[in-house]
Amino acid sequence: MKYVDEYRDGKMAKQIAENICQAVDADKVYHFMEFCGGHTHAIFRYGIPDLLPENIKMIHGPGCPVCILPIARIDSAIELAVEHGVILCSYGDMMRVPGSRRRSLLKAKAEGADIRMVYSCSDALTIAKDNPDKQVVFFAIGFETTTPPTALIIQLAEKQQVKNFSVFCNHVLTPSAISTILESPEVRDMGLVPLDGFIGPAHVSTIIGSQPYEYFSQEYQKPVVIAGFEPLDVLQAILMLVQQVNNGTATVENEFTRAVTPNGNEKAKSLVADIFEMRREFEWRGLGLVPYSGLRIKAKYAEFDAEKRFTLTPSKGKDNKACECPKILRGVKTPKDCKLFGTKCTPENPVGSCMVSSEGACAAYYSYGRYQLK
Amino acid sequence: MCLAIPVKVEKILADDTAIVDIGGVKKEISVALIEDLAIGDYVIMHVGYALNKIDPEEAIKTLALFNEMGVLEQAIDDHKTHDHKVQE
């Protein structure tokens, strides 16, 4: 496939890896965080750690919307389907994520709830039109990449007056999560998570552009390189970060110029701004309450807001105590540090969210990590 | 979750939709988020929506960037080999 195959060339990967090996200063250790789950997945799938010199450490960030959704929100989604009897439409990624008492959407479906897996939010609107006597709720999750389609569908539902359709909004924002990591005591004071630079998200940045990352490079003096999700993109970004660290610079560079511009997709951004507004705070698994990190539906579209249409019981769902997902999401621990990893917690029978999504660090370690040389 | 793939626009339809080619498979997607779309453009598709156009010139530049360094390294290596041979 064009724009895919040429960025997966094995020979070129070895060449870039060789360039990295020559560029690194043997006396330094480089700690880079890939924020996005898409990068975590690419790093493991293509065996990138085996190509890197020993003194480059990749830290996996919290950029997987499935992994960071707290148990309480999953409980609410299950409540919508079971207690309120709605047809709940969800992206496939969410189906097996365990909520309280390890209940999941898939288990609720097996018990008789009408939960349907959809590829696109437009499928959810179609289901609403096909079932006018039922309430249909779309379980919206995702970062800036997935938010514009949800905004479009709310706009369309209003235009077409689809009265039995609403959205359970769980959209979250990348820049506020990066701020939280940089502000966390583990990074700032305790030095538990040394961070020398970030690989910036690929598809999130196609929407928001490269400009929002300028703040991190200026305020926290950390270099950011926005990279595509293909292996050569990731390797090239690592090389660019190494060069920045060596030169003592902290700027935003864009490796993914074929799809990311400084301002991003203006049409998508203004649509999102029309439909959504920031929540004062939103809970993230692993990060806790993060200020201004989540979106809710604006009052003028309140009729399409499932949280306004249905009364939801606040859930006190807590993570399994032995599960290290919260620390893994903050980069403090790796999946191999978790007692449950690969034994009690596997992709087939996950305990924590990082094992569910293919972009979660645990799932990536489980699926590909065993082939790693080191 | 944020994974998306490059697809080629084959036909532009009414209501902001288009038929795209995904490695041989044809699919109707929404192009409501894209301005100035033309047949033959590549777009990044995510959950049935085109998010952005791919800039073909920038794509070539990035490939050239990988290559440039490679060619440079190769040139240095060649030079070294050459010097080595001369010394012999």
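Up top you'll find the structure we're talking about.
Residues numbered from 1 in each chain as written. Chains lettered and ligands numbered in written order. Predicted model: local features only at pLDDT ≥ 70, side-chain atom pairs only at ≥ 80, totals over all residues. Heavy atoms only, no water.

### Regarding the side chain of A:Asp75
Residues and elements named next belong to chain A. Checked against the element boundaries, Asp-75 lands in helix 5 (residues 71–82). Despite its burial, Asp-75 pairs with no opposite charge, the nearest such side chain being Arg-101 at 6.5 Å. Contact partners of Asp-75, with chain neighbours within four places excluded, come to Gly-99, Ser-100, Ser-315 and Gly-317. (Helix = DSSP H or I, 4+ residues; strand = E, 2+ residues; numbered from the N terminus. Buried < 20%, exposed > 50% of the residue type's maximum accessible area, 1.4 Å probe, protein only. Lys, Arg positive; Asp, Glu negative; His and termini not counted. Salt bridge = Lys/Arg side-chain N within 4 Å of Asp/Glu carboxyl O. Contact = heavy atoms within 4.5 Å.)

### Some points on the pairing of strand 1 (residues 5–12) of chain B
Residues and elements named next belong to chain B. As judged from the 4 bridges shared by strand 1 and strand 4 (residues 42–46), these two strands associate in the antiparallel manner. Looking across to strand 4, one finds that Ile-5 is bridged to Met-45. Both strand 1 and strand 2 (residues 17–22) contribute to a ladder of 4 bridges, which runs antiparallel. Bridge pairing in strand 2 places Lys-11 opposite Ile-19. Where strand 1 hands over to strand 2, the hairpin turn is made up of 4 residues, of which Asp-15 adopts a positive phi near 55°. (Pairing = 2+ DSSP bridges.)

### A short note on the sheet that holds strand 2 (residues 56–63) of chain A
Residue and element names in this part refer to chain A. Taking strand neighbours across the sheet as the criterion, the 5 strands line up as 2-1-7-8-9 in an open arrangement whose pairing is parallel. Across the chains shown, the open sheet's two edge strands, defined by having one partner strand only, are strand 2 and strand 9 (252–254). Each strand axis lies, on average, 20° off the axis of its neighbour in the sheet, ignoring direction. Sheet topology note: the strand 8 (residues 224–226)/strand 9 ladder contains 3 bridges and is parallel. Looking at strand 9, one finds that Ile-226 is bridged to Asn-254. (Axes fitted to C-alpha atoms, helices over the stretch in contact; angles between N-to-C directions.)

### Some details on the interface of chain B and chain A
At the interface, 36 residues of chain B touch 47 residues of chain A. At the junction of chain B and chain A, the tally comes to 0 salt bridges. Our count for the chain B to chain A interface comes out at 12 residue pairs in polar contact (both at pLDDT 80 or more). For the side of chain B that touches chain A, the elements supplying multiple residues, two or more each, are strand 3 (25–30), strand 4, strand 5 (49–53) and helix 1 (56–87) of chain B. The greatest single-element share of the side of chain B that touches chain A, amounting to 11 residues, is contributed by helix 1 of chain B. When grouped by side-chain class, the residues that make up the side of chain B that touches chain A number 22 nonpolar, 8 polar and 6 charged. (Polar contact = N/O pair within 3.5 Å; in protein donor to acceptor, adjacent residues only side chain to side chain. Nonpolar A, V, L, I, M, F, W, Y, C, P; charged D, E, K, R; others polar.)

### A look at empty space enclosed by the protein
All names here are of chain A. In the structure shown here, the tally under the stated rule is 2 cavities of 30 Å³ or more. Counted as a void, the largest cavity has a volume near 60 Å³. Gly-61, Leu-329, Glu-359, Gly-360 and Ala-361 are the residues nearest the centre of the largest cavity, which is lined by 14 residues in total. When contributions to the lining of the largest cavity are tallied by element, the ones reaching two or more residues are helix 2 (37–45), strand 2 and helix 16 (325–329). Element by element, the count of residues in the lining of the largest cavity is highest for strand 2, at 4 residues. Grouping the constituent residues of the lining of the largest cavity by class yields 7 nonpolar, 6 polar and 1 charged. Roughly 50 Å³ of volume is contained in the second largest cavity. (1 Å grid on protein atoms, 1.4 Å probe; cavity = no way out; pocket = protein on both sides within 12 Å on 5 of 7 lines; lining within 4 Å. Points joined across faces, edges and corners; volume = space filled by probe spheres on them.)

### So, the pattern of salt bridges
Residues and elements named next belong to chain A. The final tally for this structure, using the stated rule, is 18 salt bridges over all chains. Here Glu-230 and Arg-8 are joined by a salt bridge, their closest N and O atoms 2.5 Å apart. Within this pair, whereas Glu-230 is found in the loop between strand 8 and helix 13 (231–247), its partner Arg-8 is found in the segment before helix 1 (10–23), the two being separated by 222 residues in sequence. Via salt bridges that share partners, Arg-73, Arg-279 and Glu-307 belong to a single interconnected network.

### What to know about the packing of helix 7 (residues 121–130) of chain A against helix 8 (residues 147–159) of chain A
Residues and elements named next belong to chain A. At a closest axis distance of 9 Å, the pairing of helix 7 and helix 8 adopts a crossing angle of 25°. Taken together, helix 7 and helix 8 sit at an angle that is classed as roughly parallel. The element helix 7 and its partner helix 8 pack so that their crossing is right-handed. Here Cys-121, Ser-122 and Leu-125 of helix 7 come into contact with helix 8, specifically with Pro-149, Thr-150, Ile-153, Leu-156 and Ala-157. The class makeup of the residues in the contact of helix 7 with helix 8 is 6 nonpolar, 2 polar and no charged. (Parallel < 35°, antiparallel > 145°, perpendicular 65-115°, else oblique. Left-handed = near helix turned anticlockwise from the far one by under 90°.)

### Here's the deal with the side chain of A:Glu186
All names here are of chain A. Here Glu-186 shows up in helix 10 (residues 185–188). Look at Glu-186 and you get buried, because its relative accessible area is 12%. Here the side chain of Glu-186 touches Arg-330 through a polar contact of 3.1 Å, side chain to side chain.

### Quick look at the nonpolar core
Membership of the largest hydrophobic core comes to 144 residues, with the highest contact counts inside it found for A:Ile56, A:Leu88, A:Phe138, A:Phe165 and A:Ile238. Looking at which element gives the most residues to this core, the answer is helix 13 of chain A, with 9 residues. Sequence-distant contacts of A:Leu88, that is, excluding residues within four places in its chain, are made with A:Ala77, A:Leu80, A:Ala81, A:Leu105, A:Asp114, A:Ile115, A:Arg116, A:Val137 and A:Phe139. Counting residues in hydrophobic clusters, the runner-up holds 12 residues, among them B:Val20, B:Ile34, B:Leu37 and B:Met45. (Core = buried A, V, L, I, M, F, W, Y, C linked by side-chain atoms within 4.5 Å.)

### What to know about the layout of surface pockets
Empty space among the atoms becomes apparent when a probe as large as a water molecule is rolled across them. Taken as a whole, the largest pocket holds about 670 Å³ of empty space. As for the largest pocket, its lining consists of 27 residues, of which A:Leu156, B:Asp15, B:Ser30, B:Ala32 and B:Tyr49 are closest to the centre. Where the lining of the largest pocket is concerned, the elements lending two or more residues are helix 7, helix 8 and helix 14 (266–275) of chain A together with strand 3 of chain B. Residue composition of the lining of the largest pocket, grouped by class: 10 nonpolar, 9 polar and 8 charged. As a volume, the second largest pocket reaches approximately 560 Å³. Where the lining of the second largest pocket is concerned, the elements lending two or more residues are helix 2 and strand 2 of chain A.

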